Amino acid sequence: MTITPTAVQRAVPILSQREVAPRHYRVKFRSAEIATQARAGQFVHVLPCGEASYDPLLRRAFSILNIEEDTFEILYRVEGRGTAQMSRWREDDFADVIGPLGNGFAALPSLRQRAILVGGGVGVPPIAMLASTKAKGQDVKALIGARSAREVLCQDDFTQHAVPISIATDDGSMGHHGFVTDLLRRELESESIATVFACGPFAMLRAVAMLCAQFNAPCQVSLEESMPCGIGVCNGCVVAVNSAGDDYGRYRRICVEGPVLWSHEIDWGQPQGSCA
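These numbers come from a predicted model, not from an experiment.

Caption draft 1: Here's a closer look at the packing of helix α5 (residues 180–190) against helix α6 (residues 202–214). Running from N to C, α5 and α6 cross one another at 15 degrees; their axes reach a closest spacing of 10 Å. Judged on the interaxial angle alone, α6 and α5 are roughly parallel. In this structure, α5 crosses over α6, and the sense of that crossing is right-handed. From α5, V180, T181, L184, R185 and L188 reach across to α6, where they touch M204, A207, V208, L211, C212 and Q214.

Encoded structure:
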């Protein structure tokens with residue numbers, strides 16, 4: 001398997017970077033080649049170091065958050081050495097980026113059917129981009145989960161596309177005190193005929209998938225995983241699925257066959273990234 005045909009590798013200029021929540025940064029890049037090809041749910045593979053260095057060696061994968069003409073944005077949380085190095089980027093620096101990569105979300109459903117977008121933590125960006133594809137008259141609602149009010153992400157990205165938001169926080173500092181899946185259950189109980197699109201931690205996605213199965217709601221999930229190579233070579237990002245396919249049997253490489261999969265395809269009893 002090779003890189004997605006539309007993907008390119010480029011040194012792209014950084015137009016801006018800002019901290020939007022504690023340890024969470026939003027970066028805007030200029031690349032018409034990437035921006036004009038990308039779809040909601042796809043990702044870019046970013047080298048954290050400068051052009052003259054390979055320390056750290058491995059790239060980091062980030063979902064595309066927003067596209068505007070010849071620019072695109074990502075949002076990341078500082079977790080280790082690579083993302084800490086990225087947080088020191090400045091305007092007019094360059095980053096080595098490969099993208100767009102992976103399979104994105106299906107199109108939002110027709111006007112006769114609701115779409116429910118569910119995001120948790122740094123899983124919010126790809127569903128925010130999906131919200132940007134909403135057409136006039138489409139019934140789309142977003143449910144966002146976060147640890148606290150300080151870590152609620154991308155609210156403006158939904159409101160500018162007239163997508164209403166409900167929020168759940170672990171500590172109750174904003175919106176519902178509890179899990180975002182509590183909000184999803186209410187939505188599925190109150191209405192019929194809805195398609196769910198979700199991205200977030202594996203445990204959250206598993207709970208979303210179980211709810212959607214209970215209510216017979218079609219569901220697509222974007223899986224978050226470390227993707228060392230990003231092009232299907234290293235097999236470091238596999239997920240177990242319910243039926244055998246190609247040479248990888250009952251496993252799929254998230255960076256190639258994903259990151260978006262239908263929830264019923266996934267074997268949720270098998271830990272993500274495991275080939276056990």
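Caption draft 2: Structural view of the sheet that holds strand β3 (residues 43–47). Read around the barrel, six strands follow the order β1-β2-β5-β4-β3-β6 and close on themselves; strand pairing throughout is antiparallel. In this sheet, neighbouring strand axes are inclined to one another by 45 degrees on average, regardless of whether the strands run parallel or antiparallel. Relative to strand β6 (residues 94–101), β3 runs antiparallel, the two being bridged by four bridges. Looking at the pairing, F43 lines up with L101 of β6. Taken strand by strand, helix α3 (residues 124–131) contacts β4 (60–68) and β5 (71–77), and its axis lies near 25 degrees from that of β4.

Caption draft 3: Inspection of the pairing of strand β1 (residues 8–21) at higher detail. Where β1 meets β6, six bridges bridge the pair, whose relative direction is antiparallel. By the bridge assignment, R10 is partnered in β6 with V97. Pairing of β1 with strand β2 (residues 24–30) involves six bridges; the strand directions are antiparallel. Bridge pairing in β2 links A21 to H24. Connecting β1 to the antiparallel partner β2 that follows it, the hairpin turn spans two residues, and R23 within it adopts a positive phi of roughly 70 degrees.

Quick notes on the rules
- Residues numbered from 1 in each chain as written.
- Predicted model: local features only at pLDDT ≥ 70, side-chain atom pairs only at ≥ 80, totals over all residues.
- Heavy atoms only, no water.
- Axes fitted to C-alpha atoms, helices over the stretch in contact; angles between N-to-C directions.
- Helix = DSSP H or I, 4+ residues; strand = E, 2+ residues; numbered from the N terminus.
- Parallel < 35°, antiparallel > 145°, perpendicular 65-115°, else oblique.
- Left-handed = near helix turned anticlockwise from the far one by under 90°.
- Contact = heavy atoms within 4.5 Å.
- Pairing = 2+ DSSP bridges.

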